[in-house]
Amino acid sequence: MTAVLVIEDDDRIRLSLVLALEDEGYTVSGAATAEEGLQRQRREPADTVLVDLMLPGIDGFECIRQLRRDDDVPIIVVSARDDTHDIVAALEAGADDYLVKPVAVKELSARLRALRRRAQAAVTTEIPGLVFGDLIIRPEAGEVTVRGQQVSVTRTEFRLLCELAEHPGRVLSRQQLLQRVWEYETGDERLVDVHVGRLRNKIEKDSGDPRHLVTVRGLGYKLLR
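Residues numbered from 1 in each chain as written. Predicted model: local features only at pLDDT ≥ 70, side-chain atom pairs only at ≥ 80, totals over all residues. Heavy atoms only, no water.

Thoughts on the pairing of strand β7 (residues 135-138)
Applied cut-off: Only protein chains enter the area calculation, which uses a 1.4 Å probe; residues under 20% of their type maximum are buried, those over 50% are exposed, and those in between are partly exposed. The secondary structure listing takes helices from DSSP runs of H or I that are at least 4 residues long and strands from runs of E that are at least 2 residues long, numbered from the N terminus. Only when DSSP finds a minimum of two bridges between them are two strands counted as paired.
Side chains L135 and I137 of β7 all project onto a buried face; the interleaved residues I136 and R138 project onto a face where none is buried. Taking the residues between adjacent antiparallel strands as the criterion, strand β6 (residues 130-132) and β7 are bridged by 2 residues, where G133 takes a positive phi near 65°. The pairing of β7 with strand β8 (residues 143-146) spans 4 bridges and is antiparallel. Bridge assignment links I137 to a residue of β8, and that residue is V144.

Structure (structure tokens):
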């Protein structure tokens with residue numbers, strides 16, 4: 001079973017998510033505050049964390065940042081806030097995905113399964129080191145180094161980078177990347193844009209003038225040697 005932690009202050013919503021996901025076969029625990037959720041995750045790490053943004057005390061954005069500092073656990077935001085600024089801010093804080101309430105349990109379960117498959121693929125992929133000048137990607141070790149220094153990336157960022165690296169110089173559209181990295185037939189292309197931006201901040205000497213991870217206007221992204 002996959003263990004899921006639900007951090008949600010609304011008792012009714014939290015209980016409904018816990019019960020619905022248990023019916024789907026998950027082991028689920030709940031927390032009413034970010035503080036409680038962070039303590040629970042440190043004590044008994046879940047495989048995936050669902051986070052609401054409007055939490056008392058520490059809000060969801062800071063909760064995501066603290067979760068991400070501790071480990072690379074997959075994080076899905078489940079929130080009523082559907083403003084573009086909030087979605088982008090949550091993804092930039094370190095979330096892997098974003099769903100707007102009310103959430104269909106079948107869709108949430110599908111997202112959880114996709115996250116789990118990506119996590120397993122990141123561990124089992126056996127591809128030799130991929131060299132792009134001062135950027136070296138080692139899929140078999142789950143490592144990225146830039147100018148000889150190891151760079152910390154999330155599982156989703158790593159899978160995105162590997163997908164682009166496996167097709168050097170080839171443009172991949174946002175929709176193709178959603179399908180191959182997130183395993184979504186359709187989805188919000190902002191997921192791709194924000195993760196590309198986070199990767200550039202980590203691997204490029206000047207993220208405003210990228211040498212490796214390049215945008216091809218109107219088409220998508222490509223990785224250059």
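Some words on the sheet that holds β8
This is how the line gets drawn: Where helices are involved, their axes are fitted lines through C-alpha atoms of the stretch in contact, as for all axes, and angles between N-to-C directions lie from 0 to 180°. We call two residues in contact when some of their heavy atoms are within 4.5 Å.
Strand order in this open sheet of 4 strands is β6-β7-β8-β9, and the pairing throughout is antiparallel. At either end of the open sheet lies a strand with only one pairing partner, and these are β6 and β9 (149-151). Averaged over neighbouring strand pairs, the angle between their axes works out to 25° when direction is ignored. Pairing of β6 with β7 involves 3 bridges; the strand directions are antiparallel. Of the residues in β7, the one forming a bridge with L130 is I137. Strand contacts of helix α6 (residues 155-165): β6, β7 and β8, with the helix running at about 105° to β7, the strand carrying the most contacts.

A word on the pairing of strand β1 (residues 3-7)
For clarity, the threshold we go by: Here a crossover is taken to be right-handed if, once the strands point away from the viewer, the path from the first strand over the helix to the second is traced clockwise.
Buried residues dominate β1, accounting for 4 of its 5 residues. Where β1 meets strand β2 (residues 27-31), 5 bridges bridge the pair, whose relative direction is parallel. Directly across from V6, in β2, lies its bridge partner G30. Each parallel crossover has a hand, and for β1 linked through helix α1 (residues 11-23) to β2 it is right-handed. Where β1 and strand β3 (residues 48-51) come together, 4 bridges link them in parallel fashion. Paired with V6 across the bridge in β3 is L50.

Points about the pattern of salt bridges
Put simply, the rule reads: Salt bridges are defined as contacts in which a side-chain nitrogen from Lys or Arg sits within 4 Å of a carboxyl oxygen from Asp or Glu.
Across all of its chains, the model carries 21 salt bridges by this definition. As a salt-bridge pair, R174 and D193 come within 2.6 Å of each other at their nearest N and O atoms. Residue R174 is found in helix α7 (residues 174-182), and its partner D193 is found in helix α8 (residues 190-203); the two are separated by 19 residues along the sequence. Of the residues examined, R174 reaches a relative accessible area of 21% and is grouped as partly exposed. With a relative accessible area of 29%, D193 lands in the partly exposed category. The residue R190 makes a salt bridge to D188 at a minimum N-O spacing of 2.4 Å. R190 sits in the partly exposed class, given a relative accessible area of 25%. A residue is classified by how much of its surface remains accessible, and D188, at 32% relative accessible area, is partly exposed.

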